[in-house]
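Fold and contact review
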Amino acid sequence: MTTDAGASRAEAAKTEAASELSDAASIHYLTDDNASFEKTEGGMLSVLADGEMHPAVYVHCSFPHTNRRIYLSIRTIENKEIGMIRDLDEFPPETARLLEEQIQIRYFAPEITRVVAVKEEFGYAYWEAETTAGLCRFTVRGGGGHTKLIGAGRLLVTDVDGNRFVIPDLARLSDREYRMVETSM
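Residues numbered from 1 in each chain as written. Predicted model: local features only at pLDDT ≥ 70, side-chain atom pairs only at ≥ 80, totals over all residues. Heavy atoms only, no water.

1. With respect to the sheet that holds strand S8 (residues 134-141)
Strand order in the open sheet made by the three strands is S6-S7-S8, with antiparallel pairing throughout. Either end of the sheet is taken by a strand with one partner, and the two such strands are strand S6 (112-121) and S8. For this sheet the average axis-to-axis angle between neighbouring strands, irrespective of direction, equals 20 degrees. In the sheet, strand S7 (residues 124-131) pairs with S8 via eight bridges, with the strands oriented antiparallel. If you follow glutamate 130 over to S8, its bridge partner there is leucine 135. Strands in contact with helix H3 (residues 175-182) are S6 and S7; relative to S6, the strand with the most contacts, it is inclined by about 45 degrees. (Pairing = 2+ DSSP bridges. Helix = DSSP H or I, 4+ residues; strand = E, 2+ residues; numbered from the N terminus. Axes fitted to C-alpha atoms, helices over the stretch in contact; angles between N-to-C directions. Contact = heavy atoms within 4.5 Å.)

2. Side note on a nonpolar patch on the surface
On the surface, a nonpolar cluster with roughly 230 Å² of combined accessible area is contributed by Tyr124, Tyr126 and Val160. Take tyrosine 126: it is sitting in strand S7. (Patch = residues over 30% accessible without salt bridge, like charges linked within 9 Å, V, L, I, M, F, W, Y side chains within 5 Å. Areas by Shrake-Rupley, 256 points an atom, 1.4 Å probe, with all protein chains shown as cover. Salt bridge = Lys/Arg side-chain N within 4 Å of Asp/Glu carboxyl O.)

3. Remarks on the sheet that holds strand S11 (residues 164-167)
The pairing of strands in a sheet happens through backbone hydrogen bonds and is either parallel or antiparallel. What the three strands build is an open sheet, ordered S9-S10-S11; its pairing is antiparallel. Unpaired on one side and paired on the other, strand S9 (147-151) and S11 mark the two borders of the sheet. Each strand axis lies, on average, 30 degrees off the axis of its neighbour in the sheet, ignoring direction. Pairing between strand S10 (residues 154-158) and S11: four bridges, direction antiparallel. Paired with valine 157 across the bridge in S11 is phenylalanine 165.

4. With respect to the nonpolar core
If you look at the biggest cluster of nonpolar residues, it comprises 20 residues, and the most contacted ones within it are Phe37, Val47, Ile74, Ile85 and Leu99. When contributions to this core are tallied by element, the ones reaching two or more residues are strand S1 (35-39), strand S2 (45-49), strand S3 (52-61), strand S4 (70-76), strand S5 (81-87) and helix H2 (93-106). Per-element tally for this core: the top contributor is H2, with four residues. Excluding anything up to four places from it in sequence, phenylalanine 37 contacts Leu30, Leu45, Ser46, Val47, Ile74, Ile85, Phe91, Thr95, Leu98 and Leu99. Of all hydrophobic cores here, the second largest spans 17 residues; its members include Val115, Cys136, Val157 and Leu173. (Core = buried A, V, L, I, M, F, W, Y, C linked by side-chain atoms within 4.5 Å. Buried < 20%, exposed > 50% of the residue type's maximum accessible area, 1.4 Å probe, protein only.)

5. Some thoughts on the pairing of S2
In terms of residue burial, S2 counts as a mostly covered element, since four of its five residues are buried. Across five bridges, S1 lies against S2 in antiparallel orientation. From the neighbouring strand, alanine 35 faces S2, where its bridge partner is alanine 49. The turn linking S1 back onto S2 is made up of five residues, and glycine 43 within it adopts a positive phi angle of 85 degrees.

6. Looking at the pattern of salt bridges
If you walk through the whole model with that rule in mind, you get seven salt bridges. For arginine 69, the salt bridge identified is with aspartate 89, shortest N-O distance 2.5 Å. Of this pair, arginine 69 sits in the loop between S3 and S4 while aspartate 89 sits in the loop between S5 and H2, placing them 20 residues apart in sequence. Lysine 119 is paired through a salt bridge with glutamate 121; the nearest N and O atoms lie 3.6 Å apart.

Dropping the structure here:
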């Protein structure tokens, strides 16, 4: 048997939880009207949003492998979201270029154009590959999704240091290259 006071407390807790969920689900959109972006002397990005200056911010893409121009989260160093950009096309070209530059830095991932060698040993794969950034040698931890398909035939490889490499089309690999890569998938 519940008392009226107990029922009231339960109802108040439910209302408070719903309010917190609603606040968490609400998205503050940044537009050209309420946000102004600038490049700092150190090459970082700063934003004046809704009258508040944020001296260093990062751009996070909601869809980094398919569309880097929509739904961009602007966050502080502490990873607190300042707001979301719906589409870069809603900003002047110079602002869009600043944001795209930061996206390129954050999501830098050279494309692997040729797999020279992949040697597995003790739970690690030692890669040597020609990439759009030159010849690279890197180590990938075995298991745990460090090589994963991110689209039809598109493979993302993350090395032990967090560097990312992309094989844009597995079908374009030679049979020999594919067999080497397959051991890491």
